[in-house]
Amino acid sequence: MTLEPFIIVDNVTKNFDDAVLKDISTSIAKSEAVGLIGKSGAGKSILIHMLRGKYKPDKGKIIYRVLVCPNCNWLEPIDKPHSCPKCKTPMIVKEIDFWKEKKEIQKAIVKRISILFQHSFALYEDLTVTENIMEAFPQELGKSEKIDQTIELLKKLHMTHRATHIVRDLSGGEKQRVILARELAKDPMILLADEPTSTLDPTHARYVCEVLDEKIRNGLTMVFTSHETNEIRQLSTRVIWLENGRLIEQGIPEKIVPRFTQIYKTKKKRFTSFGKPLLKVNNVKKYFYSINRGVVKALDDVSFEAREREIFGIVGPSGVGKTTLSRLITGISSPKEGKVLVKIGDDWIDMSKEGPSGKGRAAPYISILHQEYSLYPFSTMLENLTSCIGVKLPKEIARIKAIETLRGVGFSPKVITNKLLNSFPNTLSEGEKQRAMIAKVLMKEPKLMVLDEPTGTLDPISKQAIVDCILRARENLDQTFIVISHDLDFVIDTCDRVILMNEGKIYLEGRPKSVAEAFEKNETFRERPNPC
């Protein structure tokens, strides 16, 4: 049965420096959940932004078929004619060509769209979780109804234990769930979600998917992207596959997803040629003080070693100390007790010791890729990979090295030379930025590389390119990696040994697959707020 269209995308093309969407035509029905898949840079995020009116098509139309109140311009999806819930005026059916309508109608459409974007925490930082959610409900909703629905959302998102916490004290994963609660509280016509679980560990990603699945079954219209193909399978009623700005195929998830994921995968060989210990973490403790919660033990007596040429993984729920540990390893922070030691030459360097004989000596040999991007926005990608980070090579040799490094993280030679080298970061997709950041880390040729969530928003194909890149860097350059990730498949494909952290302690250490299985099966893990 063909469903009546709610949103019509009619032959849409969008150009920036190049065409990022080319002649896209499709439609979205009421209560349909459409998953967008494709490699990084395929145009998925741009299409979502166009649906919410951020970008105007260079060609084509975006049409909304809705009920409109002629008195107050309130909009509802087409179901059957009814009175306006705001002013009780009879509503009329209308096809709205978004970019040809008056500003007040455009604003009315945008007001009825909820958005959930990656790396976006649009919250009232000084209010509690409950206050943030309550504020989002429609004004005409009664206080008791707001309270009941807030409690329901908190329960379903497993956030009741954070109901009175100030938002600024939450972890990134908890903030993401509060944003989802707020957007659902608005009772939108459509939810647009770009990587809605990108900041979440597997347990909390599952909670979010369960809530979205229930909302979809109850009639929510949603368009979303996800680098997790399992989420695409679970949530989508239909999938659209984009490639280089073009619509390749669309249909049911069971048909489209296997074709998309049918790629050659590098089989990880058991690596045994490890060297001597390069990193020692000895009985490290790191405490923070919070006005609301007193002393928070971010790290509580943590000890482990990583060997030369080892890819060492750190996993666990959000907020249990993984990123704090990375800051201690790189000397950004110092432990309250214990030591972090890195071997440089024949000497063990204490990373809490200041000066040229302390972490100042080790710093040039340690690189970190943070969860947040740190590309220079007003420099080209070639400059980002060379002069901006002080690469001490002749200009032409530095350019060749940058090209080879970008190839190593999955960019094609044609894209590198024709587009990437002279592009600015704001022209790249989220996935392209992530790969460029890894290339930037590799350019410095460190002895120890710390990667904090290196595949957070990458599609499966680009993620495999990162796996291959890390394994090759270890094989060819004798690199040692510390990988912090909630992407368990990536950890299994990449790491030699893994620790599982919970409540600031090491819960388990072992082979990646066994540790990942223990993490997925253990329901006792709990996410903690950001102690900072």
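Residues numbered from 1 in each chain as written. Predicted model: local features only at pLDDT ≥ 70, side-chain atom pairs only at ≥ 80, totals over all residues. Heavy atoms only, no water.

### Focus: the overall build of the protein chain
Helix and strand counts for the protein chain stand at 17 helices and 21 strands. Taking 2.2 N^0.38 as the reference for a compact globule, 532 residues should give roughly 24 Å; the C-alpha atoms of the protein chain span a radius of gyration of 25 Å, in line with that estimate. Dimensions along the principal axes, computed over C-alpha positions, put the protein chain at roughly 80 × 55 × 40 Å. Surface summary for the protein chain: the accessible area is close to 23800 Å², and the carbon and sulfur share equals 49%. (Helix = DSSP H or I, 4+ residues; strand = E, 2+ residues; numbered from the N terminus. Rg over C-alpha atoms; globule rule 2.2 N^0.38 Å. Areas by Shrake-Rupley, 256 points an atom, 1.4 Å probe, with all protein chains shown as cover.)

### Some remarks on the sheet that holds strand β18 (residues 448-452)
Strand order in this open sheet of six strands is β17-β18-β19-β14-β20-β21, and the pairing throughout is mixed. Every other strand in the sheet has two partners, leaving β17 (366-369) and β21 (505-510) as the edge strands with one partner each. On average, adjacent strands in this sheet sit at an angle of 15° to one another, irrespective of strand direction. By the bridge criterion, five bridges tie strand β20 (residues 497-502) to β21 in an arrangement that is antiparallel. Opposite asparagine 502, over in β21, you have lysine 505 as the bridge partner. Where helix α17 (residues 512-521) meets the sheet, it contacts β14 (311-315), β20 and β21, and its direction lies at approximately 135° from that of β21. (Pairing = 2+ DSSP bridges. Axes fitted to C-alpha atoms, helices over the stretch in contact; angles between N-to-C directions. Contact = heavy atoms within 4.5 Å.)

### Quick notes on the confidence of the model for the protein chain
When pLDDT is averaged along the protein chain, the result is 87, and 93% of the positions lie at 70 or above. Residue range residues 526-532 is modelled with pLDDT below 50. Its contacts to residues more than four positions away, or to other chains, number 41 contacts. (pLDDT = per-residue confidence, 0-100.)

### Details of the side chain of serine 379
Within the secondary structure, serine 379 sits in the loop between β17 and α11 (381-385). With relative accessibility at 14%, the residue serine 379 sits in the buried group. (Buried < 20%, exposed > 50% of the residue type's maximum accessible area, 1.4 Å probe, protein only.)

### Some remarks on the pairing of strand β7 (residues 113-117)
Successive residues of a regular strand alternate their side chains across the two faces of the sheet. Counting buried positions along β7 gives four out of five residues, so the element sits mostly inside the fold. Sheet analysis places β7 next to strand β8 (residues 190-194), joined by five bridges and oriented parallel. Bridge assignment links serine 114 to a residue of β8, and that residue is leucine 191.

### A few points about unusual backbone geometry
Backbone geometry places asparagine 244, a non-glycine residue, at a positive phi of 50°. With respect to the helices, strands and loops of the structure, asparagine 244 is situated in the loop between β10 (238-243) and β11 (246-251). Judged by its relative accessible area of 54%, asparagine 244 is exposed.

### A word on the packing of helix α3 (residues 129-136) against helix α5 (residues 172-185)
As a packed pair, α3 and α5 sit with axes 7 Å apart at the nearest point and diverge in direction by 25°. When the axes of α3 and α5 are compared, the pair comes out roughly parallel. Here the hand of the crossing between α3 and α5 comes out right-handed. In this structure, α3 uses Val129, Asn132, Ile133, Glu135 and Ala136 to contact α5, whose residues at the interface are Val178, Ala181, Arg182 and Ala185. Partitioned by chemical class, the residues of the contact of α3 with α5 number six nonpolar, one polar and two charged. (Parallel < 35°, antiparallel > 145°, perpendicular 65-115°, else oblique. Left-handed = near helix turned anticlockwise from the far one by under 90°. Nonpolar A, V, L, I, M, F, W, Y, C, P; charged D, E, K, R; others polar.)

### Considering the packing of aromatic side chains
Counting across every chain of the model gives six aromatic pairs. With a centroid separation of 5.1 Å and an interplanar angle of 75°, the aromatic rings of phenylalanine 98 and tryptophan 99 are classed as edge-to-face. Since its relative accessible area comes to 4%, phenylalanine 98 is described here as buried. Judged by centre distance (5.6 Å) and plane angle (80°), the ring pair of tryptophan 241 and phenylalanine 260 falls under edge-to-face. Of this pair, tryptophan 241 sits in strand β10 while phenylalanine 260 sits in helix α8 (residues 253-260), and the two are 19 residues apart along the sequence. The residues tryptophan 241 and phenylalanine 260 share a single accessibility class, namely buried. Over the ring of phenylalanine 274 we find arginine 307; its NZ or CZ atom is 4.1 Å from the centre of that ring. (Phe/Tyr/Trp six-rings, centres within 6.5 Å; stacked < 30°, edge-to-face > 60°. Lys NZ or Arg CZ within 6 Å of the ring centre and 35° of its normal.)

### A look at the pairing of strand β2 (residues 19-29)
By the bridge criterion, seven bridges tie strand β1 (residues 5-15) to β2 in an arrangement that is antiparallel. Of the residues in β2, the one forming a bridge with isoleucine 8 is serine 27. Here β1 folds back onto β2, and the loop between the two strands holds three residues.

### Some details on the nonpolar core
Counting residues in hydrophobic clusters, the biggest one holds 46 residues, and the most contacted among them are Leu406, Val409 and Phe481. With residues up to four places along the chain from it excluded, the contact list for leucine 406 reads Leu385, Phe411, Ile416, Leu420, Leu421 and Ala439. Ranked by size, the runner-up nonpolar core spans 41 residues in total, among them Leu153, Ala193, Val211 and Leu220. (Core = buried A, V, L, I, M, F, W, Y, C linked by side-chain atoms within 4.5 Å.)

### Looking at the packing of helix α12 (residues 395-408) against helix α13 (residues 413-420)
Direction vectors running N to C along α12 and α13 enclose 125°, while the axes themselves pass 9 Å from each other. Here α12 lies oblique to α13, going by the angle between them. The handedness of the crossing between α12 and α13 is right-handed. Here Ile403, Leu406 and Arg407 of α12 lie close against α13, whose contacting residues are Pro413, Ile416 and Leu420. Partitioning the contact of α12 with α13 into residue classes produces five nonpolar, no polar and one charged.

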